[in-house]
Amino acid sequence: MAAGPSIGTASERVQRTCALSDPVSRLRFVSSLRAEALERLGVSRVRDLLLHVPHRYLDFSRVSKIAFADVGQDATVVGRVDKVQLKRPRPHMQIVELTVVDETGLLVATFFRQPWIAEQVKVGDAVALSGRVTFSYGFKQMKAPFHEVLGPADQASSYARVLPVHPVGEGVTLAWMRRMVSAALADVGDVCDWVPARLVADHSLMGLGRALREVHFPSSMAAAERARRRLAYDELLCLQVALLTRQSVELEGVTPTAHVTDGPHLDALAAALPFSLTAEQCQAVDQILADMAAPHVMNRLLLGDVGTGKTAVAAMALAAAADTGTQAAMMAPTSVLAAQYAQKLGPLLDAAGVTWCLLTGSTPPDERARVHEGIASGAISVTFGTTALISDSVSFSDLTLAVIDEQHRFGVDQRAALRRKGPGADMLAMTATPIPRTLALSVYGDVSLSQIRHRPRSGAGVSTKVVTPDNLDLAWGAVRDAVAAGQQAYVICPLVDDADDGSELEDVPEQAICAAKFLHSATHTAETLAASVLPDLAVGLLHGRMGAGEKDEAMAAFREGATDVLVSTTVVEVGVDVPNATVMVVLDADRFGLATLHQLRGRVGRGDLAGTVFLSAAAKRGSVARRRLQALEATSDGFELAELDLKLRHEGDVLGLRQHGGVTLRLVDLATDADLVEWAHEDARALAEADPALTRAQDRPLALEARDRFHEYFEELERA
């Protein structure tokens, strides 16, 4: 963050200058203990506190009287506490009930496992309650609402119209957080705006100083939203600047390769394909080949729903590299998927006269040595592999095309490391996770997009059914029937073994991790199925902690039909192709996001037989988790599901970026901020064209801010 000029204090209680980069402990009211508590919240500097924005607000300008608070809707009510009760219905279960009244009626607020509330709230206090209104036992109720004690009822007639609710933790109460933020705004809130003034004016955005005040202590809900959008634009613009800077540094001094796109290998590969490309596939191929033939470095993202034939499209690009007399590398997130690419594309490349190899962690030492030699000499044109491709021992003769499947599953360092194997190499990223354009731009930066929305053939299709754990017998019956008919089935679990605490889950809401001990594990489920539920069937096991050789053996046994039922984690989510698999049972399905579930169900029904997916979940009707599962029942359009997933969950959760070294946007709502994404994308490109290094005086604050926010990109470049 650009510290800007030294900011003087506005209070006589602070006698020293305090800059945005200073430790938060220099602020008023921030004792050493509170500084430690703030550190646990990710707030270590003054600028961190100013950007520690509320995650919700209590809008007292829209307070409902208890009698007029609609049942089944969210509402905010203010009333007087008439009764406080602490109940212990069973051991280790404590319930606090507050009976709140106003001039129109009575409401009971219930809090679970929070006994301290009975000490904090006193009879006669005025309280604000915000939550979903229900009705039972003759009274309106709120279960676990947000609550704010406004003080004694006779002193609580005056309060803010909009009350901010900041994220807090142990050692910092909401009241102290508001007090510290208020003091910080008073003392250092008149910050230097790091965004060029013309951009602020062009988009009619709030000034930075006002935005910081309105986002923390808004004069109205409309002002709070305008302030959030200003800060969200800043976040997006800084990200775009960081991405473009990284790209320009990576490509500095490199000579792009103008690939041959009408050579004999490409023609031979097209003739060897066992099917004709669809119109969408042909369009994607044309776009990719045009980029490869141009005298600039390609940076393209191929978006394709499950089963849309992205692999065949990528194969055409591999052949073009061979026609150019250079090399291509295709990196997959798992050894299972890398081996499958080799199995599917290898014969086609053989028919086209293109040399290829497979390199994973399980490649035997002797074969590995031969592969390294072939890659280094240029004798091997195409290499399929995992992150083994980026090891120091791998040296390409002339790598001009890098294909990365499921790019978001690799860290920033890993993606850049593959590109460094061939400076100036064209980059083609692929993903079977359908994502909106706004999300693609915000995460991948200055990238061209190709989309394949429809499957090459309609096929028999896949039906999806949501079942409760009590009705799992329906799923197990379908598994038995499928195997009896000569078919196979998957069973998917969220955990590897019962000892897991849920911390390794890649696509699970945070609130679900605390309940991880109740989730199914692959190892225990495989044992249970083999011993009692499906004792007559051959049950296999596959998960990410197995060695590469073990995973290959487990997958080979399933592919060859030696295993009837494969119990697995989401390691089979991407690209695994076993046409004979027609049934899938996903246990604890509410623990996964829509994108993952959609990917998983794409593993069945890939042949001529219809597929059936059973999603087992204990999620309550009407809950967000249940709505997501019902959406899967209703549609098979991955892009439609992706839009819904983006509305229901954070973009980092949708893509799994939190666990893979990617960026997570804190202030942006990509479901509604599409215009901000477009503005930031175009503005960053214009700035980069006019001032590539952002060295002009008016651009320097933005450059410093981008570096501060997204330092991992710059640190990776420095390490390179």
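Preceding block: the structure.
Residues numbered from 1 in each chain as written. Predicted model: local features only at pLDDT ≥ 70, side-chain atom pairs only at ≥ 80, totals over all residues. Heavy atoms only, no water.

### Some details on the sheet that holds strand 20 (residues 581-586)
Ordered in space as 16-21-20-17-19-18, the 6 strands form an open sheet in which the pairing is parallel. Both outer strands of the open sheet, strand 16 (462-467) and strand 18 (539-542), are each paired with one neighbouring strand and no more. Neighbour-to-neighbour, the strand axes of this sheet turn through a mean angle of 20 degrees, independent of strand direction. Here 6 bridges tie strand 16 to strand 21 (residues 611-616), and the two strands are oriented parallel to one another. Following the sheet pairing, Ser-463 is matched in strand 21 by Thr-612. The strands touched by helix 19 (residues 594-601) within the sheet are strand 16, strand 17 (488-492), strand 20 and strand 21, with strand 20 carrying the most contacts at an inclination of about 150 degrees. (Pairing = 2+ DSSP bridges. Helix = DSSP H or I, 4+ residues; strand = E, 2+ residues; numbered from the N terminus. Axes fitted to C-alpha atoms, helices over the stretch in contact; angles between N-to-C directions. Contact = heavy atoms within 4.5 Å.)

### Considering the environment of Arg-226
By the secondary structure assignment, Arg-226 is in helix 7 (residues 221-250). The exposure class of Arg-226 is partly exposed, given its relative accessible area of 40%. Residues Arg-226 and Met-206 lie 20 residues apart in sequence; the distance between their C-alpha atoms is 7.2 Å. (Buried < 20%, exposed > 50% of the residue type's maximum accessible area, 1.4 Å probe, protein only.)

### Quick look at the side chain of Thr-311
With respect to the helices and strands, the residue Thr-311 is situated in helix 10 (residues 310-323). The exposure class of Thr-311 is buried, given its relative accessible area of 16%. Excluding residues that lie within four positions of it along the chain, Thr-311 makes contacts with Tyr-341 and Leu-345.

### Comments concerning the sheet that holds strand 13 (residues 399-405)
Pairing within the open sheet is parallel, and its 7 strands lie in the order 11-12-10-13-14-9-15. Single-partner strands in this sheet number two, and they are strand 11 (356-359) and strand 15 (448-452). Across this sheet, the average inter-strand angle for adjacent strands is 15 degrees, counted without regard to direction. Its contacts with the sheet put helix 9 (residues 279-293) on strand 9 (299-304), strand 13, strand 14 (426-431) and strand 15, and the angle it makes with strand 15 is roughly 160 degrees. Lying on the sheet, helix 12 (residues 365-377) is in contact with strand 10 (327-331), strand 11 and strand 12 (382-385); it crosses strand 11 at an angle near 130 degrees.

### Comments concerning the packing of aromatic side chains
As enumerated under the stated definition, the model contains 3 aromatic pairs in all. Summarising the aromatic geometry, the rings of Trp-356 and Phe-384 are spaced 6.0 Å apart at their centres and angled 65 degrees between planes, so their arrangement reads as edge-to-face. Of the two residues, Trp-356 sits in strand 11 while Phe-384 sits in strand 12, which places them 28 residues apart along the sequence. Classification of Trp-356 as partly exposed rests on a relative accessible area of 27%. Ring plane angle 55 degrees and centroid distance 4.9 Å describe the contact between Tyr-490 and Phe-558, whose orientation is recorded as tilted. With Tyr-490 in strand 17 and Phe-558 in helix 18 (residues 548-559), this pair connects stretches of sequence that are 68 residues apart. Take Tyr-490: its relative accessible area is 0%, and that puts it in the buried class. Sitting over the face of the ring of Trp-176, Arg-34 holds its NZ or CZ atom 3.4 Å from the ring centroid. In this arrangement the basic side chain of Arg-179 is found over the ring face of Trp-176, its NZ or CZ atom lying 4.3 Å from the centre. (Phe/Tyr/Trp six-rings, centres within 6.5 Å; stacked < 30°, edge-to-face > 60°. Lys NZ or Arg CZ within 6 Å of the ring centre and 35° of its normal.)

### Digging into helix 23 (residues 674-690)
Across its 17 residues, helix 23 extends 25 Å between first and last C-alpha, which sits within 8% of the 24 Å expected from 1.5 Å per residue. Among the residues of helix 23, those classed as buried are Leu-676, Val-677, Ala-680, His-681, Asp-683, Ala-684 and Leu-687. (Expected span 1.5 Å × (residues − 1).)

### Some thoughts on the packing of helix 8 (residues 264-272) against helix 10
Where helix 8 meets helix 10, the axes come as close as 7 Å, and the angle between the chain directions of the two elements is 150 degrees. On the basis of their axis angle, the class for helix 8 and helix 10 is roughly antiparallel. Here helix 8 and helix 10 pass one another in a crossing that is right-handed. Note on element contacts: helix 10 touches helix 8 through Ala-315, Met-316, Ala-319, Ala-320, Ala-322 and Asp-323, opposite Pro-264, His-265, Leu-266, Leu-269 and Ala-270. (Parallel < 35°, antiparallel > 145°, perpendicular 65-115°, else oblique. Left-handed = near helix turned anticlockwise from the far one by under 90°.)

### Observations regarding the nonpolar core
Residues Leu-38, Leu-49 and Leu-237 are the most contacted members of the largest nonpolar core, which totals 60 residues. Those elements giving two or more residues to this core turn out to be helix 1 (32-40), helix 2 (46-50), helix 4 (174-188), helix 5 (197-202), helix 6 (208-216), helix 7, helix 23 and helix 24 (700-709). Per-element tally for this core: the top contributor is helix 7, with 13 residues. Each residue touching Leu-38, except ones within four places of it in the same chain, is listed here: Val-24, Val-30, Val-43, Leu-49, Val-172, Met-177 and Met-180. In this structure, Val-285, Leu-289, Ala-317 and Leu-337 belong to the second largest nonpolar core, which totals 39 residues. (Core = buried A, V, L, I, M, F, W, Y, C linked by side-chain atoms within 4.5 Å.)

By themselves, these are just geometric observations and shouldn't be taken as functional.
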